[in-house]
Amino acid sequence: MDSALASYLLRRLLWVPPILFIVTFVTFTLARLGPGDPVSIATGQFRDPEVLERVRHAKGLDKPIHEQYYIYMKGLLTRGDLGESYRYKGRNVKDIIFPAMYRSAQYNAVALTITISCGIALGVFAARKQGTWSDPTAIGSALAIQSIPTMVGVPFLLLIFALKLGWVPASGWPRDCNVSLGFLGGNYDCIGVLSKEAIIPVIALALPAIAVWGRYTRAFTLEVMKEDYVRTARAKGISEFQVMTQHVLRNALLPLSTMIAFSLIGILEGSFILENLTGIPGVGRLAFESIGSRDYDLIMAITVVGATLFIMTSIFIDIAYTFIDPRIRYGSRSG
Amino acid sequence: MAREAAELTPGESIAEVSGAASGSPTGMAIRRLLRRKVAVISLTFIFAFYLMGLTAPLLGATHVIQDYQHQDLDHDLEGPSWSHPFGTDRLGRDQLARVVWASQTTVIVTVATLFTGGVVLAVGLGLLSGYVGGWVDTLIMRIGDVFASLPTILMLILINATLKTQVRSIAADVQDFTGIGGIVRSGAPDYILIFGALSLFGWVGGARVIRSQILSLRETEFVTAARSLGATTPQILFRHLLPNVSNIIIVSLSLGLAGIAGSELVLTWFGVGIQPPRPSFGALIFDTSSIRTLNQHAYLLLFPGGIVTGLFFAFNLLGDAMTDVFTPKAR
Amino acid sequence: MKGKNAALLAGIGGLVLLVVVFVVLLGGGGGGDSGDGGDKASANPTPGSGGGCDAPKGTDLRLLGPEPIDLDPALIRDAGSAQYAVEVFSGLVQLNADLKVVPDIAESWTISPDGKVYTFTLRKNALFHVDERAVTADDFKFSLDRAAKLGRTLSTTADAYLGDIVGVRDVILGKSESISGVKAINATTLEITIDAPKPYFLAKMTYPTAYVVERSQVTANPERWWYKPKGTGPYKVRTWEIGERIILEANEKYYGGAPKIKQILFNLAGGSSLTQFENCEIDVSGLGIDDLERVQSAGDPLHDQYVTGPELALSYIGFSVKTPPFDDPKVRQAFAISIDRDQLTRVVGKDASPVATSFMMPGLPGYNPNAKLPAFDPVRAKQLLQESKYGGASGLPKVRLTVAGGAGGATVGAGLEAIQQMWKQNLGVDVEINQVETAAFYDDLDRGRVQMWSLGWIMDYPDPEDLIDLLFYSKSRQNNSGYNNPQFDALIEKARSEANPEARLKLYQDAEQILIQDLPWMPLNFGQQHMVVNPHVKGYTVNKIIVPFLRNVTIEP
């Protein structure tokens, strides 16, 4: 690692704490700005103002925002304490969000694998058939599928495959865990994605993204196919399959790795709409519920964990890039 | 290009260089774009959609479409017919009229967001960051990092959930103070909040691309020449640099439109976007996206869902064609 | 690159194909339901076809359930959590299906002549889960003290449900550590003293707040004991995986006899319930209005499995009687009678819930079948508006109807939009519907910032006090409409101390008549539940209010 890269990375890393500080502060304030608070919502119809005040006081919600923020950050930084949920009374936030992320990660990982393999296959296919009808037909169909919004596509998928044909269950997550890995421990033993229930969510997530990967792969493949070494390889009479796998794909995969890295963040963020439509108890649904119930600490935890992951991944991508492509130099870039 | 600039006299050089930079590549690219049938058909569809949205009040006033708020409780939930081509909803309202007015919502939100977030924020901050450099650049890019690292949809929902009441009450105050009626009723506060929030999170990507382009252009000869000839910073920015990045701006903005329309759909679907009685695609789709409703009254989702899908498809095809035409390197 | 045009064709072709597949599968969209059923039966014999599902495998009952907020009875205040708590825990008394208070852990009780001292005799065979230790009066003393102490911090129910007991408020306010009005006389005798004779006191004691919890478990792990609580009810919690499932298993040692169904599985993940029912994934499903008409018609395969019944709930439009223009009773009346509730119920509500005729609903003690809310009368409504101090529609200030929304959904509901239209047509008043997020809605309501709102009320316990007194008595802290009528207040005060149950209910009926005249609320519909139940599952009924009943459900092969 050269010194220019090292100092660049150091500067990037130095910026992480202030960025995270702003992220937490903005989220913290924003959540508390709105009308209503978790106590009021959690109370339901039996709402005695005196009782509400008492509970707010007990929870420290009557303190000024900056004071609450100080208390929260102190707990987070000194004890790694993500706080407790108000909606799920007093339950520890980490007991709620990590299992939810785990479930989101499962179906996202499977969907991403499908997307990438189908996408790359589609892209290579389209590039090889450039100039014929197959190329635009393949890419065009993928684009058409990509254009269907989740909230339109999923109900139709469910209607046809769950309700009309009865091939798959209507719920998006198994009610009774079929595949259980006991050694992973209480909250993490169920591999819910390996069930019929997860078929529709996985398809709904995987199919639309194929177009993105297909288009990128096609573009990269076309570029690489024009390079001299590919022509040389071809001229040498190496089989077309070997040319594709050993020369073309290997080079095209380098830039694709960035996309993979960024997709990995998406894995943990879940899908808001899909999870709400199919009833997957993942982090997307959790996030939505916690905003609705103003579950302050849960909102904070989801944002903080999400932002940290994002920042770390983008730094990691920068590092990875210098190894993949030595031409990149960081000395001259400002910031 | 740069060589020519160096030979020209100060007065002419600026006009010539910028003319050459803006007119020709962009113009050529557009001509190339228009030679593609896919692009033309997509553009036609998008244009028709925007026209439909813009003329919704006119269509309503001339009774081409029916009153989107008119309820006919004796004719609720009727399938498509000649009098109601898209059927009627739970209150016997004409679904076609609601779709047309929903497209107006989409038009307003996309155009307003494109302008505030895309043009003003992304282009302005991108240019500034790339050209001025130094601490200004650092500050803008770090602010960008903050926005980029926040989970966008979550933050959009949060902003809309917590700030809506405040924005509405401000609007109500403005209404009472100025005596301009109907500000709240028109749904303007909702629109402002939605495109404000979308812009806030939407500018980062565009700004970064523009910045990196400017960074590489900043040191090129024609800029150095213009600077040495006494051009001011704004002149260099807007007459030299901007035209050179216009291709990228056009591509990223037109790709952004679909994203904005999609976000509005999501927000409204979650009940924090455009509020009824204003029709919007998010609301039309939400009403029927339960599969039980879909099973009984499929047409309620089929028409709005189909039109939105068509719009996104057109945007996607256009984006594909534009990427090909405007950025030949990326093919 | 010419072939690029094919992208468009391919895409359009693909979409058209999708639509065709869809239309074929649906047999032409909305109308063809009966034909559909036939197709389905032949194509796919087991799921969703006429004969219904097989009996659930083994002894499991499979239900779709809400995620409970918690299972600590002292903190529970929502129906979603209470439905589990009543099966897992138990208290001194319980409600039966007819909403009568019947013995539970208390075998019997006596009430002192002044109506203030209750002496309960506990049964000896009530055992805590797992430990199988007998419940004593000390356990109740501990549990009630604990529930009251939680009222200082987390509990929003301690005051409401236990507040009648002497000394509870002292505990809540931190002046005492023990409720002076609760005494364990000996292992099986518990004495509770309340502040005034209150005929509804026992009804309140059926709510989870007053249930017994296991002292050593609670003190050992005060934060998390309720993940797997040791209750005394007919079912024990076997597993609870947040967001995924809750499995209850039969408590073989239950003092009321072991439950027939050995295991009950609640799916918490959600999704469309009727679809899951038709796919034989669950045994009971609620019915939305889109399916109601179909299931109610005699030919439908689900018709035989359809069960319906009233629940103690009410939907209404509330008026803030202190805020213009609703400070004038004539305006309230005009707004109320310009709503065509019959049409609304028939068209928009698909007759899912009956039109309300009074404030107290059928099934609630005190329900008055002769009560009559003013009928729909647009002519009279307009006239009333002109007679009001605002002199007609043009004299009114801006009128806003505030509703809660935002918890996933972009709609104020067809019903309200129809009402809005009726006001416009029949009164000439443009009412703005202000949909605010649930959080903001309650905030506004608590602060009295709404002019008019739409909401529902679900009875907490089956006594008119929970409706007529709690929500309309002038000094009640939950009187959101700000209603204040001395004549009404006098009746309520009298009802509070009336010992004769008949006379007491009569007083509430008289008070209700005043409400019907003054209309601080306009009731819209009574609650009604609709569901389908797997024919092999017997005894699963609609409950008017949350009561323990699963132990009586059986599965027949």
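What you see is a predicted model, and the numbers here were worked out from it, not measured in a lab. (Residues numbered from 1 in each chain as written. Chains lettered and ligands numbered in written order. Predicted model: local features only at pLDDT ≥ 70, side-chain atom pairs only at ≥ 80, totals over all residues.)

(A) Local environment of the overall build of chain B. Regarding its fold elements, chain B presents 13 helices and zero strands. For chain B, buried positions account for 53% of its 331 residues. For chain B, the share of sequence-separated contacts (at least 6 apart) that also reach a separation of at least 24 residues comes to 70%. (Helix = DSSP H or I, 4+ residues; strand = E, 2+ residues; numbered from the N terminus. Buried ≥ 20, exposed ≤ 12 C-beta atoms within 10 Å, placed from the backbone. Contact = placed C-beta atoms within 7 Å.)

(B) The overall build of chain A, seen in detail. From N to C terminus, chain A includes 13 helices and zero strands. Listed by position from the N terminus, the elements making up chain A come as α-α-α-α-α-α-α-α-α-α-α-α-α. For the C-alpha atoms alone, the extent of chain A along its principal axes is close to 85 × 60 × 40 Å. Counting every position in chain A, which comprises 335 residues, the buried fraction comes to 45%.

(C) Structural detail: helix α7 (residues 152-178) of chain B. L163 of chain B marks where α7 of chain B bends most, by close to 50 degrees. Once α7 of chain B finishes, G179 of chain B follows within two positions and takes phi at roughly 75 degrees, a positive value. (Bend = angle between axes of the 7 residues up to and from the residue.)

(D) The arrangement of the interface of chain A and chain C in detail. Each partner contributes to the interface: chain A provides 57 residues, whereas chain C provides 60 residues. Where the side of chain A that touches chain C is concerned, the elements lending two or more residues are α2 (38-43), α3 (49-59), α5 (93-128), α6 (134-146), α7 (150-164), α11 (272-278) and α12 (283-292) of chain A. Among the elements that make up the side of chain A that touches chain C, the one with the highest residue count is α6 of chain A (eight residues).

(E) Local environment of the environment of G271 of chain B. You can see G271 of chain B is positioned in the loop between α10 (233-269) and α11 (281-288). Expressed as a C-alpha distance, the spacing of G271 of chain B and S252 of chain B, which sit 19 residues apart in the sequence, is 28 Å.

(F) Representation of the sheet that holds strand β14 (residues 431-437) of chain C. All names here are of chain C. Across the sheet, six strands lie side by side as β11-β16-β12-β15-β13-β14; this open sheet has mixed pairing. Two strands lie at the open edges of the sheet, namely β11 (284-286) and β14, each paired on one side alone. Adjacent strand axes in the sheet meet at a mean angle of 30 degrees when their direction is disregarded. As paired elements, strand β12 (residues 306-319) and strand β15 (residues 452-458) share seven bridges and run antiparallel to each other. The residue of β15 that forms the bridge with I317 is S454. Sheet strands touched by helix α15 (residues 438-446): β13 (399-405), β14 and β15. Its angle to β14, the strand with the most contacts, is close to 115 degrees. (Pairing = 2+ DSSP bridges. Axes fitted to C-alpha atoms, helices over the stretch in contact; angles between N-to-C directions.)

(G) The arrangement of the packing of α5 of chain A against helix α8 (residues 199-225) of chain A in detail. All names here are of chain A. Taken N-terminus to C-terminus, the directions of α5 and α8 make an angle of 35 degrees; their axes are 6 Å apart at the nearest point. Here the hand of the crossing between α5 and α8 comes out right-handed. In terms of residue class, the contact of α5 with α8 is made up of 22 nonpolar, seven polar and two charged. (Left-handed = near helix turned anticlockwise from the far one by under 90°. Nonpolar A, V, L, I, M, F, W, Y, C, P; charged D, E, K, R; others polar.)

(H) Quick peek at the nonpolar core. Counting 304 residues, the largest nonpolar core has I97 of chain A together with I157 of chain B as its most contacted members. Looking at which element gives the most residues to this core, the answer is helix α13 (residues 299-326) of chain B, with 18 residues. Ignoring any residue separated from it by four or fewer positions in sequence, one finds I97 of chain A in contact with V283, L286, L298, A301, I302 and V305 of chain A. Grouped together as the second largest cluster of nonpolar side chains are 16 residues, L128, Y131, I140 and I210 of chain B included. (Core = buried A, V, L, I, M, F, W, Y, C linked by C-beta atoms within 7 Å.)

(I) Spotlight on helix α17 (residues 486-497) of chain C. All names here are of chain C. With 12 residues, α17 should cover 16 Å at 1.5 Å per step; its first-to-last C-alpha distance of 17 Å lies within 8% of that length. By the burial criterion, the buried members of α17 are F488, L491, I492 and A495. The buried residues of α17 all sit within an arc of 100 degrees when viewed along its axis, so they share a single face. For α17, the exposed residues set more than 90 degrees away from the buried face come down to P486, A490 and S497. Those residues of α17 hidden inside the fold are in contact with α16 (468-472) and α18 (501-518). (Expected span 1.5 Å × (residues − 1). Arc of directions from axis to C-beta.)

(J) The arrangement of the environment of L96 of chain B in detail. All names here are of chain B. Within the secondary structure, L96 sits in helix α5 (residues 95-132). C-alpha of L96 to C-alpha of G133: the two residues are 37 residues apart in sequence and 52 Å apart in space. Once residues lying within four places of it in the same chain are set aside, the contact partners of L96 are I65, H84, P85 and F86.

(K) Examining the sheet that holds strand β7 (residues 189-193) of chain C more closely. Residues and elements named next belong to chain C. If you walk across this open sheet you meet the four strands as β4-β5-β7-β6, and the pairing is antiparallel. Each of the sheet's edge strands pairs with one partner strand only, and the pair in question is β4 (106-111) and β6 (182-186). Between one strand axis and the next, the sheet turns through 20 degrees on average, direction left out of account. Packed on one face of the sheet, helix α4 (residues 137-150) meets β5 (117-122), β6 and β7 and runs near 165 degrees to β6.

(L) Focus on unusual backbone geometry. Along the chain, P324 of chain C connects to P325 of chain C via a cis peptide bond; the corresponding omega equals 0 degrees. If you trace the backbone, P325 of chain C turns up in the loop between β12 and α11 (329-337). Even without being glycine, L77 of chain B reaches a positive phi, approximately 50 degrees. With respect to the helices, strands and loops of the structure, L77 of chain B is situated in the loop between α4 (56-61) and α5. Residue L77 of chain B is classed as buried on the basis of its C-beta count, with 20 C-beta atoms lying within 10 Å.

(M) Highlighting the pairing of strand β8 (residues 235-241) of chain C. All names here are of chain C. Bridge count for β8 against strand β9 (residues 245-250) is six bridges, and the pairing is antiparallel. Looking at the pairing, E241 lines up with R245 of β9. In textbook terms, the turn of a hairpin is the stretch between consecutive antiparallel strands, and for β8 and β9 this stretch comprises three residues, one of which, G243, has a positive phi near 80 degrees.

(N) How the structure looks around the environment of P397 of chain C. All names here are of chain C. In this fold, P397 is placed in the loop between α13 (378-387) and β13. Judged by local crowding, P397 falls into the exposed class, with 10 C-beta atoms found within 10 Å. Along the sequence, P397 and I317 sit 80 residues apart, while their C-alpha atoms lie 18 Å from each other. Residues within four places of P397 in sequence aside, it is in contact with P324 and P325.

(O) Representation of the confidence of the model for chain A within the structure. Residue and element names in this part refer to chain A. In the predicted model, chain A carries a mean pLDDT of 82, and the fraction of residues at 70 or more is 91%. Averaged pLDDT values for the elements of chain A fall to 72 in helix α10 (residues 240-269) and rise to 91 in helix α4 (residues 65-79). Overall, residues 331-335 carries pLDDT values under 50, and its contacts beyond four positions in sequence, including any with other chains, amount to eight contacts. (pLDDT = per-residue confidence, 0-100.)

(P) The confidence of the model for chain B, seen in detail. Residue and element names in this part refer to chain B. The pLDDT averaged across chain B works out to 80; a share of 89% of its residues lies at or above 70. Mean pLDDT in chain B bottoms out at helix α1 (residues 2-7), which sits at 30, and peaks at helix α3 (residues 37-54), which reaches 92. Every residue in residues 1-23 scores below 50 in pLDDT, and together they form 31 contacts with partners more than four places removed in sequence or on other chains. Note on the complex model: pTM 0.83, ipTM 0.85.

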